[in-house]
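Take a look at the letters that make up each chain.
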Amino acid sequence: MTDFPDVLENPDRAATSSGTIKQYVTFLVDDRSYGVDINLVREIKQWSPTTTLPNQPHFTRGVLNLRGTIVPVHDLRARFGGALTEATEVHVVVIVWIGSKTVGILVDAVSDIISVPTDDIRPVPSGQSLGDMSSLSGLVNTENGMVALLDLNTLFPVTDDEL
């Protein structure tokens, strides 16, 4: 496994001179692997209780104070239509930047950091039988199975109120 803090602080270190390699932080939700561009990951922290706000979306767990920044935490399992995660101290929150917004994503566990040639990223199949795949930006085969790459802008869009 890669040393997360070192790679998170130096995401370009593993890039090739051609610039065709992208790195993704991968994590698990219900034994399914997802990945986000490492350049969007601010940090990874152990789950801690959040403060619930009124009228929040069903997949939002609440907010946490991250060194003075109030960060909404979304439950990825619930966002994809599952039940809310019964979060324990083994769960983690991946803190990401979506535009100018900082968001936490509750997942079961962080898996790895993978380096992927952009030519190896496959398009997501489309069709009514597969449902809405707009929150995925691509698929990658790894030695541990397929990783679905998340499109965070589609998954957690910025509203006019947040601009």
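Criteria and cut-off values
- Residues numbered from 1 in each chain as written.
- Predicted model: local features only at pLDDT ≥ 70, side-chain atom pairs only at ≥ 80, totals over all residues.
- Heavy atoms only, no water.
- Helix = DSSP H or I, 4+ residues; strand = E, 2+ residues; numbered from the N terminus.
- Buried < 20%, exposed > 50% of the residue type's maximum accessible area, 1.4 Å probe, protein only.
- Contact = heavy atoms within 4.5 Å.
- Areas by Shrake-Rupley, 256 points an atom, 1.4 Å probe, with all protein chains shown as cover.
- Pairing = 2+ DSSP bridges.
- Axes fitted to C-alpha atoms, helices over the stretch in contact; angles between N-to-C directions.
- Phe/Tyr/Trp six-rings, centres within 6.5 Å; stacked < 30°, edge-to-face > 60°.
- Lys NZ or Arg CZ within 6 Å of the ring centre and 35° of its normal.

As annotated in an unreviewed UniProt entry, the protein carries the name Chemotaxis protein CheW and comes from Algicella marina.

Chemist: Let's hear about the overall build of the protein: which residues, and what values?
Modeler: On a plain count of helices and strands, the protein comes out with three helices and ten strands. Taken over 163 residues, the protein has a buried fraction of 40%. Within the protein, contacts between residues separated by at least 24 positions form 56% of all contacts whose residues are at least 6 apart in sequence. Accessible surface, the protein as shown: approximately 9200 Å² in total, 49% of it carbon and sulfur.

Chemist: Before we move on, can you summarise the sheet that holds strand E7 (residues 101-107) with the specific residues and values?
Modeler: With mixed pairing, five strands are arranged side by side in an open sheet as E3-E6-E7-E5-E4. In this open sheet, the two strands that pair with only one neighbour each are strand E3 (41-46) and strand E4 (60-66). Neighbour to neighbour, the strand axes of the sheet diverge by 30° on average, direction disregarded. As judged from the seven bridges shared by strand E6 (residues 92-98) and E7, these two strands associate in the antiparallel manner. Looking across to E7, one finds that isoleucine 98 is bridged to lysine 101.

Chemist: So what's going on with the packing of aromatic side chains? Residues and values would help.
Modeler: The description of two aromatic rings rests on the distance between their centres and on the angle between their planes. Here the structure, examined in full by the defined rule, presents two aromatic pairs. Here phenylalanine 59 and phenylalanine 156 contribute two aromatic rings whose centre-to-centre distance is 6.1 Å and whose plane-to-plane angle is 50°, an arrangement assigned as tilted. One end of the pair, phenylalanine 59, is in the loop between E3 and E4; the other, phenylalanine 156, is in the segment after helix H3 (152-155), and 97 residues separate them in sequence. Take phenylalanine 59: its relative accessible area is 14%, and that puts it in the buried class. Classification of phenylalanine 156 as buried rests on a relative accessible area of 3%. The ring of phenylalanine 59 carries arginine 79 above its face, with NZ or CZ at 5.2 Å from the centroid.

Chemist: Tell me about the sheet that holds strand E9 (residues 136-142), and please be specific about residues and values.
Modeler: Read across the sheet, five strands follow the order E8-E1-E2-E10-E9 without closing on themselves; strand pairing throughout is mixed. Two strands in the sheet have a free side with no partner beyond their single neighbour: strand E8 (109-117) and E9. Taking the axes of each pair of neighbouring strands and ignoring which way they run, one obtains an average angle of 35° across the sheet. Pairing of E9 with strand E10 (residues 145-150) involves six bridges; the strand directions are antiparallel. By the bridge assignment, leucine 139 is partnered in E10 with alanine 148.

Chemist: How would you explain unusual backbone geometry if you had to name every residue and give the values?
Modeler: In this structure, aspartate 31 is a non-glycine residue whose phi angle is positive, near 65°. Inspection of the secondary structure assignment puts aspartate 31 in the loop between strand E1 (21-29) and strand E2 (32-37). We classify aspartate 31 as exposed; its relative accessible area is 74%. Here arginine 67, not a glycine, exhibits a phi torsion of approximately 50°, which is positive.

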